[in-house]
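Coordinates in review
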Amino acid sequence: MGFTSHTTYTQHCVMHHGTPTVASQGSCSVCRKAFDTWKALRTHYYSNHRMTNFCDKCKLGFASQDEMKAHCEATHGTDTHNMAFICDICNKGFYSQSQCSAHKRSHISEKSFACQVCGSAFFKRGDLSKHFRTVHAPNRVFACRFCGKRGTRMDNMRSHVKSHGKHMTRDEILAMIEEVKT
């Protein structure tokens, strides 16, 4: 069966299968390609299908914000009119002031959390904390067993190791990473 758009495919999945394909399988709902991480799937959606709006509940991608809002209302019963905090730039709804404020900073490029060591600035306090832990005070260092490359973040090292063998399983990837004693 062919579908005229991503939206009709998603509606079909929800109506006939009870769940959007991407949420349960980690695969693209447009071309069915499978991904190990949400970050990789999101990059794929953008690069291959020009989708830049994503449902917070099921991770489906949409080309427009209106399409995403219609999906949320139809599929999850999420109506942004019931949300107390609305971004005045894009009208996205949030349940808390802190979520809305963090989101707004991404629109206006206000990086209000600066590193006291090197001056790098971030939108979120958590991103600053991760930066400090991994760049200035790493307590763990990982090395690739293929080439010896080292890094302080396991997620980045998994991506690096995967570049050596595209079809490796998660266990095979982890076996090629060793923690280095510092």
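Just so we're clear, the structure is a prediction, and the values are computed from it rather than from any experiment.

A few words on the overall build of the protein chain. The number of helices and strands found in the protein chain is 8 helices and 9 strands. Looking at the 182 residues of the protein chain, the share that counts as buried comes to 31%. Considering only residue pairs separated by 6 or more positions, the protein chain has 18% of its internal contacts joining residues 24 or more positions apart.

Attention now moves to the confidence of the model for the protein chain. When the pLDDT values of the protein chain are averaged, the result is 77; 79% of them are 70 or greater. Here residues 21-25 is modelled with pLDDT under 50, and outside its nearest four sequence neighbours on either side it reaches 13 contacts, counting other chains as well.

A separate point is the UniProt feature "domain: C2H2-type" (unreviewed entry) in the protein chain. Under the feature "domain: C2H2-type" (unreviewed entry), the UniProt entry names residues 85-112, 113-141 and 142-169. Regarding residues 113-141, the helix share stands at 41% and the strand share at 17%, and the terminal C-alpha atoms are separated by 25 Å. Helix makes up 32% of residues 142-169 and strand makes up 18%, while its end C-alpha atoms are separated by 19 Å.

It is worth spelling out the sheet that holds strand S8 (residues 150-151) at this point. Here we have 3 strands laid out as an open sheet, ordered S8-S7-S9, and antiparallel in their pairing. Each edge of the sheet is formed by a strand with only one pairing partner; in this case those strands are S8 and strand S9 (177-180). Against the sheet, helix H7 (residues 154-162) engages strand S7 (141-144), S8 and S9, with an angle of about 0° to S7.

Looking now at helix H3 (residues 38-49). If you check H3, its first and last C-alpha atoms are 15 Å apart, about what 12 residues at 1.5 Å a residue would give, namely 16 Å. Buried residues of H3: Leu41, His44 and Tyr45, and no others. All buried residues of H3 lie within an arc of 100° about the axis, which places them on one face of the element.

For an α-helix, 3.6 residues make a turn, and residues three or four places apart therefore share a direction. With 12 residues, helix H5 (residues 97-108) extends 17 Å between its outermost C-alpha atoms, agreeing within 8% with the 16 Å of an ideal straight helix rising 1.5 Å per residue. All buried positions along H5 are accounted for by Cys100, His103 and Arg105. Looking at the buried residues of H5, the elements they touch are strand S3 (85-86), strand S4 (93-94) and strand S5 (113-114).

Before going further, it helps to spend a moment on the nonpolar core. Within the largest apolar cluster, 11 residues are counted, these being Cys28, Phe35, Leu41, Tyr45, Met51, Phe54, Cys55, Leu60, Phe62, Met68 and Cys72. Elements with a contribution of two residues or more to this core: H3 and helix H4 (65-76). Phe142, Cys144, Met157 and Val161 belong to the second largest nonpolar core, which has 7 residues in total.

On to the pattern of salt bridges, then. A side chain of one charge can pair with a side chain of the opposite charge when the charged atoms of the two come close. This structure, assessed with the given rule, holds 3 salt bridges. Glu179 is the partner of Arg140 in a salt bridge, and the nearest nitrogen-oxygen pair spans 3.2 Å. Of the two residues, Arg140 sits in the loop between helix H6 (125-136) and S7 while Glu179 sits in strand S9, which places them 39 residues apart along the sequence. Between Arg153 and Asp155 there is a salt bridge, with the nearest N and O atoms lying 2.6 Å from each other.

A separate point is the environment of Ala143. Within the secondary structure, Ala143 sits in strand S7. Classification of Ala143 by relative accessible area gives buried; the value is 5%. Each residue touching Ala143, except ones within four places of it in the same chain, is listed here: Lys149, Arg150, Met157, Met176, Ile177, Glu178 and Val180.

Scoring rules and cut-offs
Residues numbered from 1 in each chain as written. Predicted model: local features only at pLDDT ≥ 70, side-chain atom pairs only at ≥ 80, totals over all residues. Heavy atoms only, no water. Helix = DSSP H or I, 4+ residues; strand = E, 2+ residues; numbered from the N terminus. Buried < 20%, exposed > 50% of the residue type's maximum accessible area, 1.4 Å probe, protein only. Contact = heavy atoms within 4.5 Å. pLDDT = per-residue confidence, 0-100. UniProt positions renumbered as here; feature names shortened; annotations may be inferred. Pairing = 2+ DSSP bridges. Axes fitted to C-alpha atoms, helices over the stretch in contact; angles between N-to-C directions. Expected span 1.5 Å × (residues − 1). Arc of directions from axis to C-beta. Core = buried A, V, L, I, M, F, W, Y, C linked by side-chain atoms within 4.5 Å. Salt bridge = Lys/Arg side-chain N within 4 Å of Asp/Glu carboxyl O.

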